[in-house]
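Here's the letter readout for the chains.
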Amino acid sequence: MRKVMSIAHRGYSAAAPENTLAAYRMSLEYEPDFVECDVRRTKDQQMIICHDAAVDRTTNGSGRVADMTLAELRELDAGSWFGPQFAGERLPTLEEFLDLCKGKTRPLIELKEQGLEDDVVAMVQARSLSEETMICSFHYSVGLRLPELDQRIWFSPLRSLHHPAEEDEAVRLADEAASVNGNVFGVNYPDITPALVKATHAANMLMEAWTIDAEDDMRKWVDMGADVVASNDIVLLHRVLAEMGVRRNG
Ligand code: G3P
Ligand code: CA
């Protein structure tokens, strides 16, 4: 029987400030198949979780992550912008994220920069999380390096086209994703077409649709054949998957 995997995108980010421990903890209450985070490197070469290159949108600070030390970044309030009840939330480290996921869900780690994979894999291995972890990135070089580091960790190449992928382009994109050792091809959902789903499956990958927050769109892309769906609203996604009879844990 067909089942669709769920991703809590940046945690339960519809209900809590994205990419904070609060958002991850809230998502875990609903047992998503994966919880996603976005990783960057600090000025002092540490791994911190922050979606944007700058901290301005999601904290009370300003400036680029790459220009700040871990200690400076950890001073920032990453919760108040979302609501006063989240005051004091910090930008999490990758270690905190992995420790929270262990035994509860599969970590999905997006590498926002090139050259992070060696350090990230070492942290995953230190916690014996290789079998559960998926790394995703728009940087396809990650997929070429990953088998040298750890063949158990899944790789998800990401794509955003800004137009639907039809016929020859669909085949070319899927083949390109498979050629960098992709296990799950993660594509911006409006770009996904039946042709892309077919080409992705023909290349022995699963099709992931990100990031869907509207019920009608969830139904449309699950019907189209998505195997994995990412949403900021994990509660809505699970309700829809359950109603469609494709929820894994429902
Ligand atoms: O899972 C892919 C998705 O997270 C990529 O887009 O901008 O939300 O990191 P973004
Ligand atoms: Ca992401």
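All figures in this text were calculated on a predicted structure; none of them were measured in a lab.

**Student:** I'd like a description of unusual backbone geometry, backed by residues and values.
**Tutor:** Looking along the chain, the bond that leaves Trp210 and enters Thr211 is cis, with omega of -20°. Here Thr211 lies in the loop between strand S8 (206–210) and helix H8 (215–224). If you check the backbone angles, Glu31 has positive phi at about 55° while not being a glycine. Along the polypeptide, Glu31 turns up in the loop between helix H1 (21–28) and strand S2 (34–41). In the Ramachandran plot, Ser128 falls in the positive-phi region, its phi being about 55° despite a non-glycine side chain. Judged by C-beta crowding, with 9 C-beta atoms within 10 Å, Ser128 ranks as exposed.

**Student:** Break down the site of ligand 1 for me, with residues and values.
**Tutor:** Near ligand 1 the following residues occur: His9, Glu36, Asp38, His51, Glu110, Cys136, Leu158, Gly186, Trp210, Thr211 and Ala230. Class assignment for the residues of the shell around ligand 1 results in four nonpolar, four polar and three charged.

**Student:** Go over the nonpolar core, please, and point to the residues and values.
**Tutor:** Ranked by internal contacts, the top residues of the largest apolar core, which has 76 residues, are Val120, Ile135, Ala209 and Val229. Contact partners of Ile135, with chain neighbours within four places excluded, come to Ile109, Leu111, Val120, Val142, Leu146, Ile153 and Phe155.

Procedures and definitions
Residues numbered from 1 in each chain as written. Chains lettered and ligands numbered in written order. Predicted model: local features only at pLDDT ≥ 70, side-chain atom pairs only at ≥ 80, totals over all residues. Helix = DSSP H or I, 4+ residues; strand = E, 2+ residues; numbered from the N terminus. Buried ≥ 20, exposed ≤ 12 C-beta atoms within 10 Å, placed from the backbone. Near = placed C-beta within 6 Å. Nonpolar A, V, L, I, M, F, W, Y, C, P; charged D, E, K, R; others polar. Core = buried A, V, L, I, M, F, W, Y, C linked by C-beta atoms within 7 Å. Contact = placed C-beta atoms within 7 Å.

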